[in-house]
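What follows is the residue order along each chain.
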Amino acid sequence: DAKTTQPPSMDCAEGRAANLPCNHSTISGNEYVYWYRQIHSQGPQYIIHGLKNNETNEMASLIITEDRKSSTLILPHATLRDTAVYYCIVRVASSNDYKLSFGAGTTVTVRA
Amino acid sequence: GAVVSQHPSRVICKSGTSVKIECRSLDFQATTMFWYRQFPKQSLMLMATSNEGSKATYEQGVEKDKFLINHASLTLSTLTVASAHPEDSSFYICSAPRAQNTEAFFGQGTRLTVV
């Protein structure tokens, strides 16, 4: 799987949108971008994934650039409970190999 | 609600004893499950792939005789830490994909402390 690069940390204000960037410049054509988050002392939680088009669900929006070399996860209205480490991962979704390679992620702190 | 359940959530054991951790898929069958380990302030590291009906596949550097994996049914994988030592103290997490082309779900994690 291709490697991703994320900023180590970011702060955001409660109630504001949080925009989390991820670079994946070596992504292959058949690799999806996945986002997970891990709240302290819990297992990771799936957030969203996409291939080319922008995606939105009840948790977040995923914006993927046209060249697919980077993406942004948007938490539209951050709450204190969104404080977590956010991981951007790329993998071939059509494969049966669900091994996920976790980088260091971005530690997001939402402040009141 | 949780679709992958891990038990126990926390265990303290004496050095030299063995500890079993269970990972269950609650409303789907999982022919493959994954075991990760996470040390404090570090990211998750894949330890092994648990395969139903066959031997587990271990990542490089993971001792298969120490971390025994049994995938006895389509909904249950167990990780046994044999003769645990303080350096095995860590956060162990399992995951399972519900189906092809979907996300992987993670258990709540098990905090193992070996004293």
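To be clear, the structure that these remarks concern was listed above.
Here the structure is a predicted model, which means the values were calculated and not measured.

Calculation notes
- Residues numbered from 1 in each chain as written.
- Chains lettered and ligands numbered in written order.
- Predicted model: local features only at pLDDT ≥ 70, side-chain atom pairs only at ≥ 80, totals over all residues.
- Heavy atoms only, no water.
- Helix = DSSP H or I, 4+ residues; strand = E, 2+ residues; numbered from the N terminus.
- Contact = heavy atoms within 4.5 Å.
- Polar contact = N/O pair within 3.5 Å; in protein donor to acceptor, adjacent residues only side chain to side chain.
- Buried area = accessible area lost by both parts, 1.4 Å probe.
- Salt bridge = Lys/Arg side-chain N within 4 Å of Asp/Glu carboxyl O.
- Nonpolar A, V, L, I, M, F, W, Y, C, P; charged D, E, K, R; others polar.
- Core = buried A, V, L, I, M, F, W, Y, C linked by side-chain atoms within 4.5 Å.
- Buried < 20%, exposed > 50% of the residue type's maximum accessible area, 1.4 Å probe, protein only.
- 1 Å grid on protein atoms, 1.4 Å probe; cavity = no way out; pocket = protein on both sides within 12 Å on 5 of 7 lines; lining within 4 Å.
- Points joined across faces, edges and corners; volume = space filled by probe spheres on them.
- Phe/Tyr/Trp six-rings, centres within 6.5 Å; stacked < 30°, edge-to-face > 60°.

Caption draft 1: Looking closely at the environment of B:Gln38. By secondary structure assignment, the location of B:Gln38 is in strand S4 (residues 32-38). The contacts of B:Gln38, once residues within four sequence positions are left out, are A:Gln38, A:Tyr87, B:Ser43, B:Leu44, B:Ser90, B:Phe91 and B:Ile93. Separated by 2.8 Å, the side chains of B:Gln38 and A:Gln38 make a polar contact.

Caption draft 2: Examining the interface of chain B and chain A more closely. With 21 residues of chain B in contact, the opposing surface of chain A contributes 22 residues. When the two sides are added together, the surface that chain B and chain A hide from each other amounts to roughly 1,600 Å², 54% of it contributed by carbon and sulfur. Across the contact surface, chain B and chain A share one salt bridge. Where chain B touches chain A, the interface holds six residue pairs in polar contact (both at pLDDT 80 or more). Looking at the side of chain B that touches chain A residue by residue, the class counts come to ten nonpolar, eight polar and three charged.

Caption draft 3: Local environment of the nonpolar core. Residue and element names in this part refer to chain B. Counting residues in hydrophobic clusters, the biggest one holds 26 residues, and the most contacted among them are Val4, Trp35, Phe67, Leu79, Tyr92 and Leu112. Looking at this core, the elements with two or more residues in it are strand S2 (10-13), strand S3 (19-25), S4, strand S5 (45-51), strand S7 (67-73), strand S8 (76-81), strand S9 (90-97) and strand S11 (110-114). Setting aside residues up to four positions removed in sequence, Tyr92 forms contacts with Gln6, Ile21, Tyr36, Arg37, Met47, Phe67, Leu79, Gly109, Thr110 and Leu112.

Caption draft 4: Representation of the layout of surface pockets in the model. Volume-wise, the largest pocket comes out at about 520 Å³. For the lining of the largest pocket, the element with the most residues is strand S8 (residues 84-92) of chain A, which contributes three residues.

Caption draft 5: Spotlight on the packing of aromatic side chains. Taken as a whole, this structure holds nine aromatic pairs over all chains when the rule is applied. The interplanar angle of 80° and the centroid separation of 5.5 Å between the aromatic rings of A:Tyr36 and B:Phe106 together place this pair among those described as edge-to-face. A residue pair is termed interchain when its members come from two chains, as with A:Tyr36 in strand S3 (residues 31-38) and B:Phe106 in strand S10 (residues 104-106). In terms of burial, A:Tyr36 and B:Phe106 fall into one category: buried. Ring centres of A:Phe102 and B:Tyr36 lie 5.7 Å apart, and the angle between their planes is 90°; on these two criteria the pair is classed as edge-to-face.

Caption draft 6: View of the environment of B:Tyr58. All names here are of chain B. Positionally, Tyr58 belongs in strand S6 (residues 57-58). Distance from Tyr58 to Ile69, taken between C-alpha atoms, is 9.5 Å for residues eleven residues apart in sequence. Aside from chain neighbours lying at most four places away, what touches Tyr58 is Met47, Ala48, Lys64, Phe67, Leu68 and Ile69. Polar side-chain contacts of Tyr58 include one of 2.6 Å to the backbone oxygen of Phe67. Among the polar contacts listed, one links the side chain of Tyr58 to the backbone nitrogen of Ile69, at a separation of 3.4 Å.

Caption draft 7: Expanded view of the pattern of salt bridges. Residues and elements named next belong to chain A. Taken as a whole and assessed by the stated rule, the structure comprises six salt bridges over all chains. Taking the shortest distance from any N to any O, the salt bridge between Asp11 and Arg111 comes out at 2.8 Å. In this pair, Asp11 is assigned in strand S1 (residues 9-13) and Arg111 in strand S9 (residues 106-111), connecting sequence segments 100 residues apart. Residue class for Asp11 comes out partly exposed when judged on its relative accessible area of 47%. We note a salt bridge from Asp82 to Arg37, for which the minimum N-O separation is 2.8 Å.

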